[in-house]
Amino acid sequence: MEKKNSGTVGVKEIARLANVSIGTVDRVLNNRVGVSEKTKAKILKIIEELNYQPNIFARRLASKKKLRFATLIPQVSEETTYWEAPLQGIKQAANEIKDFGIEVITFFFDQNNKESFKTSASKIASGEFDGVLMAPMFEEESTAFIEQCNHQKIPLVFINSDIPGFNNLCYIGPNLYQSGYLSAHIVNYLSPSTKKTLIVNISKEIDLHHHLLRKEEGFRNYFEQNGHSNELTKIDIQQTDYPHIKQKLADQLKKDRYDVVFVTNSRVATVARYFDENKIEGIKLIGYDFLEDNIHYLKNKTIDFLICQKPQEQGYKGVMSLYDHLVLNANIEKEQFMPIDIITRENFQYYSN
């Protein structure tokens, strides 16, 4: 049978060709019971031959059922504006699907305060939501919330960092381990194996920040697996205000001389600021994320490389995965890894989050 344009084919035409009622076709389209396997197969064959695409807009309006999605991400702070990008992606997706009767409500937490995460998670758990997008930040608290959502059969999408082993719908973000591994590969080009590298983790809840630890694991394993003897030192800076970071860096750089500093998150600009203020030269600096402050220090040659992983696209794809799953009944790919992009002062002007 010749395929027709999907815009000219409707349920009535399918029913006519299958010699069944419109209601029978509707039951097949919505995967409801009450249709024999033989009739169902006949209708599905006609649908395929006609290249029929259901009018999702009309179906959503006819159902009169509202869907509510919750998103749980860190709030933008003075310390880092990273989460502005995923938020913009979430807003973009929310705007695209609002006419289908879907409401997206965003909840925030302070990424330096696990109690704020628990408070927002509690509001979502009691809010009768149909789907949740979240950025797992504190491992213990995230695990408790995930288990609660699983118990309530609420589909979950993770962005930015993953906690393996849970029944989430999907993860959208960087391959954290490979991200750290790639960073070590860059370090190996910048610094011969006989030289020294300082790993800097800047976060109040270091031990609970799963994504930082996975990056560090990949970073260290690169040298172990490739037989390099690059000497690695790590410092955890758990008070994230600039005066404290400044003091910790000063103390560490007095102890030893490093050839490369690797900052495991978007706060690399604070290290670059310290380098600039104290006219520290001869140390290569690598960090994460396409942020205004980071680009400033990339342009002035204080930061050498930024590793970027499309945070705005993560937010957008996260919401749309819930939509595809709950509205279109589509199969969702379990792991949707973002590209790991290397940004330099030569190519940053061509890059977009």
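Look up a bit, the structure's there.
As the structure is a prediction and not an experimental result, all values here were calculated from the model.

Another aspect to go through is the nonpolar core. Core analysis: the largest hydrophobic core is formed by 51 residues, its most contacted members being Phe-69, Leu-72, Ile-97, Val-132, Met-134 and Phe-145. With near-sequence residues (within four places) excluded, Phe-145 lies in contact with Leu-72, Ala-121, Ile-124, Ala-125, Val-132 and Met-134. Leu-249, Tyr-274, Cys-308 and Ile-343 belong to the second largest nonpolar core, which has 30 residues in total.

This brings us to the pairing of strand 9 (residues 284-288). Taking burial as the measure, the five residues of strand 9 include four buried ones, the bulk of the element. Bridging between strand 8 (residues 260-263) and strand 9 involves three bridges; their strand directions are parallel. Considered in strand 9, the bridge of Phe-262 is made with Ile-286. On the question of chirality, the crossover connecting strand 8 to the parallel strand 9 by way of helix 11 (residues 268-277) is right-handed. The sheet contact formed by strand 9 and strand 10 (residues 305-308) spans three bridges and is parallel.

This part takes up the side chain of Thr-344. Among the structural elements, Thr-344 can be located in the segment after strand 12 (341-343). Those residues in contact with Thr-344 that sit more than four places away from it in its chain are Leu-298, Asp-304 and Phe-305.

Before going further, it helps to spend a moment on the packing of aromatic side chains. Aromatic rings in a pair are described by how distant their centres are and how their planes are angled relative to each other. Inspection of the entire model under this criterion finds 15 aromatic pairs. A connected cluster of aromatic rings, assembled from ring pairs, spans Tyr-177, Tyr-181, Phe-219, Tyr-222, Phe-223, Phe-262 and Tyr-288. One Lys or Arg, Arg-68, reaches over the ring of Phe-129 and ends 4.3 Å from the middle of that ring. Lys-215 extends its terminal NZ or CZ atom over the ring of Tyr-288, reaching a point 3.7 Å from the ring centre.

Let us now look at the pattern of salt bridges. According to the stated counting rule, one finds 11 salt bridges in the structure shown. Each of Glu-216, Arg-220, Lys-234 and Asp-236 takes part in salt bridges that share partners, so that together they form one network.

For the rest of this paragraph, the subject is unusual backbone geometry. Despite not being glycine, Glu-128 has its phi angle at roughly 55°, a positive value. Assignment of secondary structure puts Glu-128 in the loop between helix 6 (114-125) and strand 3 (131-134). Backbone geometry at Lys-279 places phi at a positive 50°, although glycine is not the residue there. By relative accessible area, which is 70% here, Lys-279 ends up exposed.

The sheet built from six strands is open, its strands ordered 2-1-3-4-5-11 with parallel pairing. Looking along the sheet, the strands with just one partner apiece sit at the ends: strand 2 (102-109) and strand 11 (335-337). For this sheet, the mean angle separating the axes of adjacent strands, direction not counted, is 15°. Of the strand pairs in this sheet, strand 4 (residues 156-159) and strand 5 (residues 170-173) are connected by three bridges, and their pairing is parallel. Each residue of the ladder has a partner; that of Ile-159, found in strand 5, is Ile-172.

Conventions used here
Residues numbered from 1 in each chain as written. Predicted model: local features only at pLDDT ≥ 70, side-chain atom pairs only at ≥ 80, totals over all residues. Heavy atoms only, no water. Core = buried A, V, L, I, M, F, W, Y, C linked by side-chain atoms within 4.5 Å. Buried < 20%, exposed > 50% of the residue type's maximum accessible area, 1.4 Å probe, protein only. Contact = heavy atoms within 4.5 Å. Helix = DSSP H or I, 4+ residues; strand = E, 2+ residues; numbered from the N terminus. Pairing = 2+ DSSP bridges. Right-handed = clockwise from strand over helix to strand, strands pointing away. Phe/Tyr/Trp six-rings, centres within 6.5 Å; stacked < 30°, edge-to-face > 60°. Lys NZ or Arg CZ within 6 Å of the ring centre and 35° of its normal. Salt bridge = Lys/Arg side-chain N within 4 Å of Asp/Glu carboxyl O. Axes fitted to C-alpha atoms, helices over the stretch in contact; angles between N-to-C directions.

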